[in-house]
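# Observations on chain architecture
If you want the building blocks of each chain, they are given just below.
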Amino acid sequence: MAKQIIWEPGTTFKDWLLLPGRIRREVTVDSVDLRTPITSYFSKEELTPDQLPEDVFVMNMPMLSAPMQSVTGSDMAIELAKTGGLGVIFCSQPIDEEARMVADVKKYKAGFVTPDVFSPQTTIAEIAAHTRKKGYSTFPITDDGKPDGVLIGLLTGKDYSETRHMHLTAADRMKQLGELVASYEDEIGGDLAKANEILEDSHHGSMPIVSRDGRLKAMVFKRDIQHHLQNPLELVDSEKRYRVGAAINTHDYAERVPELVAAGADIIFIDSSQGFSDYQEGALRFLKETFSNIPVVGGNIVTEEGFDSLVNNGAHCIKIGMGPGSICTTREKYRMGRAQATAVIKLNERRQQYLKEKGVYVPIIADGGIVTNDDVWVALALGADAVMAGRFFARFDESPPKRTELRAVRDGMPYTADVKPYWGEGSERAQKWREKRYGQSNETEGVEGAVPYAGHLNESMPRIINSIRTAMQKGGFRNIYELHANAVLERESESSRTEGRPHDISGSGVWSNYSVW
Ligand code: IMP
């Protein structure tokens, strides 16, 4: 006889409907606040976004991209951070490669950049080689070649020719101090809009910021500033660098974590398909003892005992999901897991109980099974603080796989579609990486497929964010705190779902503009 039999079947996001609240005049679509915490805090109750303590990791938009080879490299993390979300770099790769991806995100600074610097004696050949490796070509030249040396000039890719000047030095080709536009740090005072005005007036594309005694402090680039000014939701750290998460496995964390932290990772995610384990407790204890100042998200779990185990061992946030992923075969293969909406409901209940007992609010992230935009706010309404998605983000240009053309024959007609390859971390393809996520065994738990190509993330994200805000405004919720406090949800029957779509007319989807997207 089993220890417990639960007779109520599990539910998915599509099984729930939100009942509308009152639309309030003061809650406009644009005023809906999507800020959400993903690290725990001491409190007797859940707090509004404005009340959150300063040391809490707050996202400006409640979506994270999954740590998967086919989803999150540095390009995805940068573009998602621009919209207020968070990318989590995958760990199914060598440690130095993951650390490089993290460093690439941190280097791509919104606003004030700590640039690579050269001395006047460095040869143009060395600088050109550095440019080829790093992909950028503007370098301040300081007297001693150190980042905080006295600024004496600036060298850009336009200042030399690779055919004629390779034997010369930076001093021979750089623009001298008098030809530059530069500003004192106490004049700019961290004000990007002011820096932008000076750059716009000067016709220059970049500007060094120096101290009163001429030492280099930072560089600002027009392109970065303009991006920043257009993206008020950007998720940046105290130095205005984009925030990024990094995944670790439960085997090589003692070597991996130090490298990721050194590269600038803002938050660590323990990546496991079954996180209620001795291995994960070991990793959490290591992090607590060795890197107590870096927040850590534990998971994945779907049971109350799993929640307790990870939180008691130091996890600052819990990731929920076993089996809902679009590429996942775990449930089918092992008959193990939990329907995702039910998992969120149960873990939210456990979290509320923990809050009452211990006075600690532990955020929960719903990971997997986000198919359409509506799943995002249903997950939030059920109690999630944020959602993580793989397939949803794999569709965009910024995911690592190359866009390809799928050719097929349908109803005897040739048919082509633009797609992006998408595969699970537990698929055979991902497992070619030596540290198998799913594995003490060689069993796979995921498949490989393709998802429809959806263009640039930065073109679609404003619409996606707008749809989340519109749903919240329609329900009368000003922020995720109010959604948690006031949402009323009702189970939906199969016939209700049919009724809720265009029905009993002909031609919807063919002649009309029917699309929920
Ligand atoms: P999706 O958003 O529905 O595509 O699900 C993505 C999530 O599925 C990831 O964040 C992981 O938690 C999970 N996942 C990733 N790879 C695999 C796999 O190979 N098998 C099972 N689950 C996976």
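Residues numbered from 1 in each chain as written. Predicted model: local features only at pLDDT ≥ 70, side-chain atom pairs only at ≥ 80, totals over all residues. Heavy atoms only, no water.

## Some words on the layout of surface pockets
One simple way to see leftover space: roll a probe sized like a water molecule over the atoms. Quick note on the threshold: Grid spacing is 1 Å over the protein atoms alone, the probe is 1.4 Å, and a cavity is where that probe fits but cannot get out, while a pocket is an open set with protein on both sides within 12 Å along at least five of seven lines and lining residues have an atom within 4 Å of a point. Grid points are joined across faces, edges and corners, and a volume is the space filled by probe spheres set on the points. Only DSSP runs of H or I with at least four residues qualify as helices, and only runs of E with at least two residues qualify as strands; both kinds are numbered from the N terminus onward. Put simply, Ala, Val, Leu, Ile, Met, Phe, Trp, Tyr, Cys and Pro go in the nonpolar bin, Asp, Glu, Lys and Arg in the charged bin, and everything else, Gly too, in the polar bin.
Empty space within the second largest pocket amounts to approximately 760 Å³. Along its surface, the second largest pocket is lined by 26 residues, and Asp-104, Lys-107, Tyr-108, Lys-134 and Tyr-136 are the ones closest to its centre. Contributions of two or more residues to the lining of the second largest pocket are made by α1 (74–82), α2 (95–107), α3 (124–134) and α7 (222–230). Of the residues forming the lining of the second largest pocket, the biggest block, six residues, is contributed by α2. Taken together, the residues of the lining of the second largest pocket break down into eight nonpolar, five polar and 13 charged.

## Some words on the site of the ligand
As a reminder of what qualifies: Whether a residue is near a molecule or strand depends on its heavy atoms: it is near if one of them lies within 4 Å of it. Polar contacts, as used here, are pairs of N or O atoms within 3.5 Å; protein pairs need one atom able to donate a hydrogen and one able to accept it. Residues neighboring in sequence count only if both atoms are side-chain atoms. Computed by Shrake-Rupley with a 1.4 Å probe, the accessible areas treat only the displayed protein chains as cover when residues are assessed.
Neighbouring the ligand are 24 residues; Ser-326, Asp-367, Tyr-422, Gly-426 and Glu-445 lie closest to it. The separation between an oxygen atom of the ligand and a polar main-chain atom of Gly-390 is 2.7 Å. Within the backbone of Gly-426, a nitrogen or oxygen atom sits 2.6 Å from an oxygen atom of the ligand. Taking 500 Å² as the accessible area of the ligand by itself, protein coverage stands at 95%. Class assignment for the residues of the shell around the ligand results in nine nonpolar, 11 polar and four charged.

## Examining the pairing of strand β17 (residues 317–320)
Side-chain positions along a regular strand alternate between the two faces of the sheet. Defined as follows: Throughout this description, buried means an accessible area under 20% of the type-specific maximum (1.4 Å probe, protein chains only), exposed means over 50%, and partly exposed covers the range between. Clockwise travel from the first strand over the helix to the second, with the strands pointing away from the viewer, marks a crossover as right-handed. By the convention used here, strands pair only if DSSP detects at least 2 bridges between them.
Side-chain alternation along β17 places Cys-317 and Lys-319 on one buried face and Ile-318 and Ile-320 on a second face that is also buried. In the classification by handedness, the crossover that spans strand β16 (residues 296–301), the intervening helix α10 (residues 304–312) and the parallel β17 is right-handed. Note: β17 against strand β19 (residues 364–367), three bridges, orientation parallel. Bridging from a neighbouring strand, Ile-318 pairs with Ile-364 of β19.

## Examining the pattern of salt bridges
Cut-off, in case you're wondering: Any carboxyl oxygen of Asp or Glu that lies within 4 Å of a side-chain nitrogen of Lys or Arg is treated as forming a salt bridge with it.
Across all of its chains, the model carries 35 salt bridges by this definition. Residue Glu-8 is joined to Arg-491 by a salt bridge in which the shortest nitrogen-to-oxygen separation is 3.6 Å. In this pair, Glu-8 is assigned in the segment before β1 (16–19) and Arg-491 in strand β24 (residues 488–491), connecting sequence segments 483 residues apart. For Arg-491, a relative accessible area of 41% translates into the label partly exposed. Ionic pairing is found between Arg-212 and Glu-187, a salt bridge with its closest N-O pair at 3.8 Å. Of this pair, Arg-212 sits in the loop between β12 (206–210) and β13 (216–221) while Glu-187 sits in helix α5 (residues 185–188), and the two are 25 residues apart along the sequence. The exposure class assigned to Arg-212 is exposed, which follows from its relative accessible area of 53%.

## Overview of the environment of Tyr-184
Note that Tyr-184 resides in strand β11 (residues 183–184). Accessibility expressed as a relative area gives 31% for Tyr-184, which makes it partly exposed. Spatially, the C-alpha atoms of Tyr-184 and Asp-224 are 19 Å apart, while their sequence positions differ by 40 residues.

## Some thoughts on the environment of Lys-134
Where we set the bar: Contacts were defined at the residue level, with two residues in contact if any of their heavy atoms lie within 4.5 Å.
Mapped onto the elements of the fold, Lys-134 is located in helix α3. For the pair Lys-134 and Asp-116, spaced 18 residues apart in the sequence, the C-alpha separation amounts to 10.0 Å. Those residues in contact with Lys-134 that sit more than four places away from it in its chain are Lys-107 and Asp-116.

## Remarks on the sheet that holds strand β20 (residues 386–389)
To be explicit about the condition: Between the N-to-C directions of two axes lies an angle of 0 to 180 degrees, each axis being a line fitted to C-alpha atoms and, for a helix, fitted only over the stretch in contact.
If you walk around this closed barrel you meet the eight strands as β5-β6-β14-β15-β16-β17-β19-β20, and the pairing is parallel. With direction set aside, neighbouring strand axes in the sheet form an average angle of 25 degrees. Sheet topology note: the strand β15 (residues 267–270)/β16 ladder contains two bridges and is parallel. Paired with Ile-268 across the two strands is Val-296, which belongs to β16. Contacts from α1 reach β5 (63–65) and β6 (86–89), with the element oriented near 165 degrees to β6. Along the sheet face, helix α8 (residues 253–263) touches β14 (245–248) and β15 and points at about 170 degrees away from the line of β14.

## Side note on the nonpolar core
Operational definition: As used here, the term nonpolar core means buried Ala, Val, Leu, Ile, Met, Phe, Trp, Tyr and Cys residues forming a set that is joined through side-chain atoms within 4.5 Å.
Met-63, Ile-318 and Phe-393 are the most contacted members of the largest nonpolar core, which totals 102 residues. Per-element tally for this core: the top contributor is helix α15 (residues 457–475), with seven residues. With residues up to four places along the chain from it excluded, the contact list for Met-63 reads Leu-80, Gly-85, Leu-86, Val-376, Val-387, Phe-392, Phe-393, Met-461, Ile-464 and Ile-468. Val-181, Leu-192, Ala-218 and Ile-225 belong to the second largest nonpolar core, which has 11 residues in total.

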